[in-house]
Amino acid sequence: MEYWILFGSFVTLLLIGTPVAFCLGASSFFTVLYLGLPPVVVFQRLNSGISVFALMAIPFFIYSGDLMVRGDIARRLVALAGALVGHLRGGLGQVNIMASLMFGGVSGSAAADASAVGGLMVPQMKERGYDVDYAVNITVTSSIIALLLPPSHNMIIYSIAAGGRLSIADLFTAGIVPGLLLALLLMLAAWYVARKKGYPTEAFPGLRMMGSLFISAVPGLILIAIIFGGVRSGIFTASESSNIAVVYALLVTAVVYRSLPWGEFVEATKAAVRTTSMVLLVIGCAACFGWLLAYLRVPAQLVEFLQNVSDNPLVILLLMNLMLLVLGTFMDMSPLIVITTPIFLPVAQAFGVDPVHFGVILILNLGIGLCTPPVGAVLFVGCAVGRISIWQAMRTIWPFYGAAFAALLLVTYVPALSLWLPSLFR
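Along each chain, residue indices are assigned from 1 in the same order as the chain's sequence is written. It should be noted that, the model being predicted, local features are given only for residues of pLDDT at least 70 and side-chain atom pairs only at 80 or more, the latter also being counted only at that level, while totals for whole chains, interfaces and linings use all residues. Hydrogens are left out, water is left out, and the side-chain values use all remaining heavy atoms of the structure.

A. Spatial organisation of unusual backbone geometry. With an omega of 10 degrees, the peptide bond running from P150 to P151 counts as cis. To qualify as a helix, a DSSP run of H or I must reach at least 4 residues; to qualify as a strand, a run of E must reach at least 2; elements of each kind are numbered from the N terminus. Examined against the element boundaries, P151 turns out to sit in the loop between α8 (132-143) and α9 (153-161). If you check the backbone angles, R258 has positive phi at about 50 degrees while not being a glycine. With respect to the secondary-structure elements, R258 resides in the loop between α13 (238-256) and α14 (262-295). Positioned with a positive phi, R387 is a non-glycine residue whose angle comes to about 55 degrees.

B. Summary view of the state of the cysteines. We call a pair of cysteine sulfur atoms a disulfide whenever their separation is within 2.5 Å. Counted under the stated rule, the structure contains 0 disulfides. No disulfide involves C371; its nearest neighbouring cysteine sulfur is the one of C383, lying 10 Å away. Residue C371 is classed as buried on the basis of its relative accessible area of 1%. In this scheme, a residue with accessible area under 20% of its type's maximum is buried, one over 50% is exposed, and one in between is partly exposed, where area comes from a 1.4 Å probe on protein chains only.

C. View of the packing of aromatic side chains. For Phe, Tyr and Trp, rings pair up if their centres lie within 6.5 Å, where Trp contributes its six-membered ring, and each pair is then called stacked (planes under 30 degrees apart), edge-to-face (over 60) or tilted (otherwise). This structure, assessed with the given rule, holds 11 aromatic pairs. Their ring planes at 45 degrees and their centres at 4.7 Å tell us that Y134 and Y199 sit as a pair that is tilted. Taken together, the residues span a long stretch of sequence, with Y134 in helix α8 and Y199 in the loop between α11 (176-197) and α12 (207-233) at a distance of 65 residues. Classification of Y134 as buried rests on a relative accessible area of 2%. When the centroid spacing of 5.4 Å and the interplanar angle of 65 degrees are considered together, the rings of W398 and Y401 count as edge-to-face. Pair noted here: W398 and Y401 are both in helix α21 (residues 398-413), with a separation of 3 residues, about one helical turn. Taken together, the aromatic side chains of Y130, Y134, Y199 and F400 make up a single cluster linked through ring pairs.

D. Looking closely at helix α4 (residues 57-70). Given a rise of 1.5 Å per residue, 14 residues ought to cover 20 Å, and the 20 Å separating the end C-alpha atoms of α4 matches this to within 8%. In terms of burial, α4 is a largely internal element, 11 of the 14 residues being buried. Taken as a whole, α4 has its buried residues at A57, I58, P59, F61, I62, Y63, S64, G65, D66, L67 and M68. The positive-phi residue at the C-terminal boundary of α4 is D72, with phi of around 75 degrees. Multiply 1.5 Å by the residue count of a helix minus one, and that product is the helix's expected span.

E. Examining the packing of α4 against α9 more closely. The axes are straight lines fitted to the C-alpha atoms, using for helices just the contacting stretch, and the angles between their N-to-C directions are given from 0 to 180°. Where α4 meets α9, the axes come as close as 10 Å, and the angle between the chain directions of the two elements is 170 degrees. Judged on the interaxial angle alone, α9 and α4 are roughly antiparallel. For the pair α4 and α9, the contacting residues are A57, I58, F61 and I62 in the first and H153, I156 and I157 in the second. Charged means Asp, Glu, Lys or Arg here, nonpolar means Ala, Val, Leu, Ile, Met, Phe, Trp, Tyr, Cys or Pro, and polar covers whatever is left, Gly included. By residue class, the composition of the contact of α4 with α9 is 6 nonpolar, 1 polar and no charged. Each angle receives one of four descriptions, namely roughly parallel if under 35 degrees, roughly antiparallel if over 145, roughly perpendicular if within 65 to 115, and oblique otherwise. Residue contacts follow a heavy-atom distance rule, with two residues in contact if any of their heavy atoms lie within 4.5 Å.

F. Local environment of the nonpolar core. We call a set of buried residues a nonpolar core when its members are Ala, Val, Leu, Ile, Met, Phe, Trp, Tyr or Cys and they connect through side-chain atoms within 4.5 Å of each other. Membership of the largest hydrophobic core comes to 151 residues, with the highest contact counts inside it found for Y134, L182, M320 and F358. Considering every element that reaches this core, the biggest residue donor is α14, with 11 residues. Setting aside anything within four residues of it in sequence, one finds Y134 in contact with G90, G93, M125, A190, V193, A194, Y199 and F400.

G. A look at the pattern of salt bridges. The rule for a salt bridge is simple: a side-chain nitrogen of Lys or Arg has to be within 4 Å of a carboxyl oxygen of Asp or Glu. Here the structure, examined in full by the defined rule, presents 1 salt bridge. In this structure, the salt-bridge partner of K197 is D131, at a minimum N-O distance of 3.3 Å. Taken together, the residues K197 in helix α11 and D131 in the loop between α7 (110-127) and α8 connect sequence positions 66 residues apart. By relative accessible area, which is 32% here, D131 ends up partly exposed.

Dropping the structure here:
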């Protein structure tokens, strides 16, 4: 009965439109009452879920990303991307993906990527004769590259959900090759669609102009090196690097580029506070929900069930991917990481999967969910930027879904893609 109360109340509240954090908290509260445990347990677990020092990095990474979005960094990165790949078939579509790759390493947020890069690229693509659904589909699917690259705050959430035992530096490093692979496959899909529809290419600007655009974008790109190099080398922790990222973002946007007026600074601060409040509330409630799953031995029972289904790790990984893909279409990413990690990570480890490798699989899998209705947050952002309906985007998004699924399968079944670079740095 406790399972029915926990999952039934959660699903019911979700279906009637209750915010995810309250769904998690209320269902946990109902279950605790049924089990006869003190109700204060819910608040204790919620408090302990957010009283983790490593979480200090998240608000500052969110803040630095918002400052970069409002401080003209995106426009300079888009201009550099145009010089690098604009002459390829698909022109501005390839530029969109390359810009997402570079900006993702600055912001670490898929929604920020879709909003900033999409806001610049989608209108340009429409003016140049590209179909708006093509522009939106590229913007939406390429934005999930940001989830795999440092400073991805979702990697930090996964590390905490895994018990705080995993190195954030290893997770940051592990996502780099899969992120580059996803970008390459999306560029191939964009090339295929552009060739089929006869989209134009852009003129190559020349090496001198490329050098000028690179120099203009260097201050923004240096942020990636500061965050990754500092954390990977051990000079500072992820929490310290997030503070340095904010200071550096302020210096670049307000002093070097002089593109951050006071009003935008205030708005960036307010937006970071709002986003952080929502994320931490969800993490706290999800931590309580996850504790109840462990208390009720759900992970152990799932391991036993899957072992009865098959003893082949390839089959088990496929089944877990399918489950996560379905869950990702109905819930946002942060709560799913906190909820599913305690359930699926023990299963993966029982079948010999490295926890760092599984983290990359989880992040990429749930990132695809952000591009999928009915609760695809990034899909909603992209469609709002392009001013088209979800249905219009979904009709032609399949080549890009195919590229994302191909990347997921390669990352799942070729562990070296995730583990080679961390082992090399170690």
